[in-house]
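Report on the structure
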Amino acid sequence: MRLRLTQTALVLALCLITACSPPMVGARRADAPIASTTRFEASRFAGPWVMRHAIDRTAPRNLSFEEGGGQIIGLHYVDGSGQRMALTSDGPHPARFTDTRGRALWVLWVDDDYRTALLGAPDGRLAWIIDRRTTGGADRIDAALRLAAANGYDPIDFIALTP
């Protein structure tokens, strides 16, 4: 009898924990706000980047953003596939892009010198921390992880990637 009561209490506790957990949208908490940076210059953001952390182990390790007419117009995966994804910039929000399949990609934060950036998507399908270098910048990586948390991502979900 006592064992059955303990098992019932455990099941009830697990149900309560699950019910109290915030709903998720992809890898983001659905109730968390998300915002792109308002401090963004396409010409400074364009060029090669290295993937330092991501919520997806299959994220591209090397990528390059293409600028044209003062906007980001493309994303190239530099590592092997050579894939290019055309991006359309959201006029009033220059740090928000949409790919040809209608998926959003936002720059949530970039440091003052455009060395490290945090990218994410409102649907939670991706979150990337990219950098201009393969090593260093631990303070900027930590800042990006804190900002990821503020945008609804769990920093524990980020995987350190090596190019």
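A few points on the structure. (Residues numbered from 1 in each chain as written. Predicted model: local features only at pLDDT ≥ 70, side-chain atom pairs only at ≥ 80, totals over all residues. Heavy atoms only, no water.)

Burial within strand β8 (residues 104–110) is extensive, with six of its seven residues counted as buried. Where strand β7 (residues 93–99) meets β8, three bridges bridge the pair, whose relative direction is antiparallel. Looking at the pairing, Thr-98 lines up with Ala-104 of β8. Where β7 hands over to β8, the hairpin turn is made up of four residues, of which Gly-102 adopts a positive phi near 85°. In this sheet, strand β9 (residues 116–120) lies alongside β8 in antiparallel orientation, the contact comprising four bridges. Along β9, the bridge assignment pairs Val-107 with Leu-119. Hairpin remark: β8 followed by β9, antiparallel, with five residues in the connecting loop; positive phi at Tyr-114, about 55°. (Buried < 20%, exposed > 50% of the residue type's maximum accessible area, 1.4 Å probe, protein only. Helix = DSSP H or I, 4+ residues; strand = E, 2+ residues; numbered from the N terminus. Pairing = 2+ DSSP bridges.)

Mapped onto the secondary structure, Asn-62 falls in strand β4 (residues 62–68). Sequence separation of Asn-62 and Asp-131 is 69 residues, and the distance between their C-alpha atoms is 9.8 Å.

Below, the discussion takes up the pairing of β7. The sheet contact formed by strand β6 (residues 84–90) and β7 spans four bridges and is antiparallel. Across the sheet, Leu-87 pairs through a bridge with Asp-99, a residue of β7.

Here helix α3 (residues 138–150) spans 19 Å end to end across 13 residues, near enough to the 18 Å set by a 1.5 Å rise per residue. Looking only at α3, the buried set comprises Arg-140, Ile-141, Ala-143, Ala-144, Leu-145 and Ala-148. Among the structural elements, β3 (47–54), β8, β9 and β10 (127–131) are those in contact with the buried residues of α3. Looking one or two places after α3, you find Gly-152, whose phi comes out positive at around 95°. (Expected span 1.5 Å × (residues − 1). Contact = heavy atoms within 4.5 Å.)

Here Tyr-114, not a glycine, exhibits a phi torsion of approximately 55°, which is positive. Here Tyr-114 falls in the buried class, since its relative accessible area comes to 4%.

Glancing now at the packing of aromatic side chains. If you walk through the whole model with that rule in mind, you get five aromatic pairs. Centre to centre, the rings of Phe-40 and Phe-45 are 5.2 Å apart; their planes meet at 50°, and the pair counts as tilted. Side by side, Phe-40 and Phe-45 carry an identical accessibility label, which is buried. Over the aromatic face of Trp-106 sits the side chain of Arg-96, whose NZ or CZ is 3.9 Å from the ring centroid. (Phe/Tyr/Trp six-rings, centres within 6.5 Å; stacked < 30°, edge-to-face > 60°. Lys NZ or Arg CZ within 6 Å of the ring centre and 35° of its normal.)

Attention now moves to the layout of surface pockets. Its boundaries defined by the atoms lining it, the largest pocket holds a volume of some 260 Å³. Tyr-77, Arg-103, Arg-125, Leu-126 and Trp-128 are the residues nearest the centre of the largest pocket, which is lined by 18 residues in total. For the lining of the largest pocket, the secondary-structure elements that each account for two or more residues are β5 (71–77), β6 and β10. (1 Å grid on protein atoms, 1.4 Å probe; cavity = no way out; pocket = protein on both sides within 12 Å on 5 of 7 lines; lining within 4 Å. Points joined across faces, edges and corners; volume = space filled by probe spheres on them.)

So, to be careful, I would describe these as geometric facts and stop short of saying anything about function.
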